[in-house]
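# Close look at the chain arrangement
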Amino acid sequence: MSNKNILLYLFVLFVLTGCKIQIEVPSGGSVTTESGNHGCDSGDVCVIDIVDLFFNESFIAQPDPGYTFLQWKKRPGGLCGGKTGQCPINSGLAELHELFMAILESDHTFFLEPDFGRSDTWNRKADLPLDASAMATCAIGGKLYAMGLGAGHTLEGELPSPETGVEEYDPVTDTWTQMANMPTGRRWGSASAVEGKCYVIGGLGASPSTGTTVEEYDPATDTWRERSPLPTPRSAHASAAVNGKVYVIGGGATGTWRHVGTAKVDIYDPATNLWSVGADIPTPRGGVVAGAIDGYIYVVGGSNRNFAYSDLVDRYHPATNTWKSMAKLPVKVDFATATVHDGKLYVIGGLDENNDEFVSAFDEATPDVYRYDPKANQWTRLSDMTQRRMAAGSEMVNRRILVIGGREQRDCCGSLNSVEEYTP
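Residues numbered from 1 in each chain as written. Predicted model: local features only at pLDDT ≥ 70, side-chain atom pairs only at ≥ 80, totals over all residues. Heavy atoms only, no water.

### As for the overall build of the protein
Assigned secondary structure in the protein consists of two helices and 33 strands. Counting over 424 residues, the protein shows a buried share of 54%. Sequence separation of at least 24 residues holds for 56% of the intrachain contacts in the protein that already meet a minimum separation of 6. (Helix = DSSP H or I, 4+ residues; strand = E, 2+ residues; numbered from the N terminus. Buried < 20%, exposed > 50% of the residue type's maximum accessible area, 1.4 Å probe, protein only. Contact = heavy atoms within 4.5 Å.)

Set out below in structure tokens:
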């Protein structure tokens with residue numbers, strides 16, 4: 001052993017006193033190590049004293065039947081916070097790394113806490129401060145942003161009142177915080193996150209020009225700025241981000257959200273603030289939802305100008321600017337919401353009248369939830385939401401899916417402020 005390593009060894013031994021890793025295990029699973037030398041059961045708090053310079057362990061979270069391991073929790077003094085796999089902690093003089101040195105050189109207690117959730121279940125969370133439907137949502141930095149909250153509900157055929165309110169949801173504290181208002185009030189727009197910023201695109205507002213309005217929100221500074229307008233006015237459309245660009249697909253080209261059925265695809269590059277045109281979607285429709293997975297965009301459901309609901313699933317490949325039909329959704333839906341989790345697309349709620357010719361303002365939304373696996377090209381029905389919803393917002397935050405607001409009926413009885421969380 002070199003003199004340098006001997007000195008480092010003696011120094012580390014000197015500072016080892018009081019060094020601890022505290023494992024706190026909630027109900028739903030246990031924690032063990034790859035070696036089997038350490039373990040901590042559900043509901044227990046276990047403390048490991050680090051008295052060996054050559055400590056080398058990988059901690060593994062093991063969920064109980066009916067539960068799933070989501071991630072190691074982020075907390076002050078927490079280890080591996082946000083990681084979803086094993087948590088390795090090792091020393092070895094040849095491989096002393098920053099994390100282990102932080103432990104060795106501190107007399108504080110460090111924490112390791114798994115996050116378990118009961119799989120395929122829904123739970124209510126803190127309500128939105130305002131009733132809301134047809135809002136835009138983004139997830140950035142482990143928080144959800146709801147944009148387009150305001151005075152309330154507007155009946156079909158009317159332009160919505162300007163709705164500019166923005167709220168930030170923190171899933172760690174289960175609280176909402178009011179943020180800077182959106183400059184242009186709107187509903188039936190879309191939002192996509194790119195490089196830590198959210199781009200709110202199109203929608204319906206007090207002016208016809210709202211359909212082309214694009215505004216960028218930066219959560220880090222809580223500020224807005226206007227960007228290059230959308231070439232084609234749009235509402236009740238979908239957008240998704242792939243490789244730093246936002247793809248705006250389908251929707252209604254003019255007027256109220258009843259005028260649906262465009263096939264247009266417009267592509268926005270935030271880096272250049274420029275728009276380009278993509279290949280039209282094969283079947284024009286609005287009220288669609290979309291999600292990006294492995295460089296592809298999957299567009300699901302919607303309706304045509306006669307409100308014929310759709311079960312179509314079209315896959316767009318930005319690299320080749322081409323479309324392909326995929327396995328159909330088991331039901332025909334309009335105005336659902338969708339999000340992506342672990343390479344799968346979740347399609348949630350909406351209206352599923354199965355193409356009834358007569359459309360009523362009292363048509364009820366559905367609580368249905370379906371998951372699409374693009375590798376198998378198959379759909380699976382999951383547990384229903386606790387509440388029927390259409391025109392809701394959804395995002396994946398901290399490995400759980402949050403669904404917010406919406407309406408229980410097409411044009412009747414106001415919007416919702418309820419929020420529920422799904423554990424996959």
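### As for the state of the cysteines
As used in these notes, a disulfide is a covalent bond between sulfur atoms, one from each of two cysteines. Evaluation of the coordinates by the stated rule reveals three disulfides. In this model, cysteine 80 is linked to cysteine 87 through a disulfide, with the two sulfur atoms separated by 2.1 Å. Measuring handedness by torsion sign, the sulfur bridge of cysteine 80 and cysteine 87 sits at about 80° and is right-handed. Assessed through its relative accessible area of 0%, cysteine 87 is described here as buried. (Disulfide = S-S within 2.5 Å.)

### Overview of the sheet that holds strand β15 (residues 190-194)
Pairing within the open sheet is antiparallel, and its four strands lie in the order β15-β16-β17-β18. The open sheet has two edge strands with one neighbour each: β15 and β18 (223-226). Between one strand axis and the next, the sheet turns through 25° on average, direction left out of account. Bridge analysis of β15 against strand β16 (residues 197-201) gives five bridges, and the strand direction is antiparallel. Following the sheet pairing, valine 194 is matched in β16 by lysine 197. (Pairing = 2+ DSSP bridges. Axes fitted to C-alpha atoms, helices over the stretch in contact; angles between N-to-C directions.)

### What to know about the nonpolar core
Of all hydrophobic cores here, the largest spans 20 residues; its most connected members are Ile21, Ile23, Phe59, Trp72, Cys87 and Leu112. At the level of elements, β1 (20-24), β4 (45-49), β5 (56-63), β6 (67-72), β7 (87-90) and β8 (109-112) are the ones that each hand at least two residues to this core. Core analysis: the next-biggest nonpolar cluster, separate from the first, contains 16 residues, Ile293, Met326, Leu329 and Val333 among them. (Core = buried A, V, L, I, M, F, W, Y, C linked by side-chain atoms within 4.5 Å.)

### Some remarks on the sheet that holds strand β33 (residues 419-423)
Strands in a sheet are paired, the pairing made by backbone hydrogen bonds, and the direction either parallel or antiparallel. Spatially, four strands are ordered β10-β33-β32-β31 in an open sheet, and the strand pairing comes out antiparallel. Every other strand in the sheet has two partners, leaving β10 (121-125) and β31 (393-397) as the edge strands with one partner each. Between one strand axis and the next, the sheet turns through 25° on average, direction left out of account. Direction of pairing for β10 relative to β33: antiparallel, over a ladder of five bridges. Each residue of the ladder has a partner; that of tryptophan 122, found in β33, is tyrosine 422.

### Overview of the pattern of salt bridges
All chains considered together, the criterion is met by 19 salt bridges. In this structure, arginine 400 and aspartate 115 form a salt bridge, with 2.9 Å as the shortest nitrogen-oxygen distance. Linking arginine 400 in strand β32 (residues 400-404) with aspartate 115 in strand β9 (residues 114-118), this pair joins segments that are 285 residues apart in sequence. Here arginine 400 and aspartate 115 have matching classes, each one buried. (Salt bridge = Lys/Arg side-chain N within 4 Å of Asp/Glu carboxyl O.)

### Some details on the packing of aromatic side chains
Summed over the entire model, instances satisfying the criterion amount to 14 aromatic pairs. Members of the aromatic cluster, connected to one another through ring pairs, are Phe69, Trp72 and Phe116. Positioned above the aromatic ring of phenylalanine 111, the side-chain terminus of arginine 75 is 4.0 Å from the ring centre. The residue whose ring lies beneath arginine 315 is tyrosine 296, and the NZ or CZ to ring-centre distance is 4.1 Å. (Phe/Tyr/Trp six-rings, centres within 6.5 Å; stacked < 30°, edge-to-face > 60°. Lys NZ or Arg CZ within 6 Å of the ring centre and 35° of its normal.)

### Focus on the environment of threonine 380
Structurally, the position occupied by threonine 380 is in strand β30 (residues 378-381). The class for threonine 380 is partly exposed, based on a relative accessible area of 36%. Each C-alpha atom of the pair threonine 380 and tyrosine 370 lies 5.6 Å from the other, and the pair is ten residues apart in sequence. Leaving out residues up to four positions away in the same chain, threonine 380 has contacts with Val369, Tyr370 and Arg371.

### Regarding the side chain of serine 30
Position of serine 30 among the secondary structure elements: in strand β2 (residues 29-33). For serine 30, a relative accessible area of 17% puts it in the buried group. Excluding residues within four positions of it along the chain, serine 30 makes contact with Val25, Cys40, Asp41, Ser42, Ile60, Ala61, Gln62 and Phe116.

### Looking at unusual backbone geometry
Across residues other than glycine, the phi torsion is negative in most instances, and most of the peptide bonds are trans. If you check the backbone angles, aspartate 222 has positive phi at about 55° while not being a glycine. Take aspartate 222: it is sitting in the loop between β17 (214-218) and β18. Look at aspartate 222 and you get partly exposed, because its relative accessible area is 26%.

### Notes on the confidence of the model for the protein
Summing up the model confidence of the protein, the mean pLDDT is 86 and the portion of residues at 70 or higher is 83%. Contacts of residues 1-18 to residues separated by more than four positions or lying in other chains number 20 contacts, the stretch itself having pLDDT below 50. Every residue in residues 152-160 scores below 50 in pLDDT, and together they form 21 contacts with partners more than four places removed in sequence or on other chains. (pLDDT = per-residue confidence, 0-100.)

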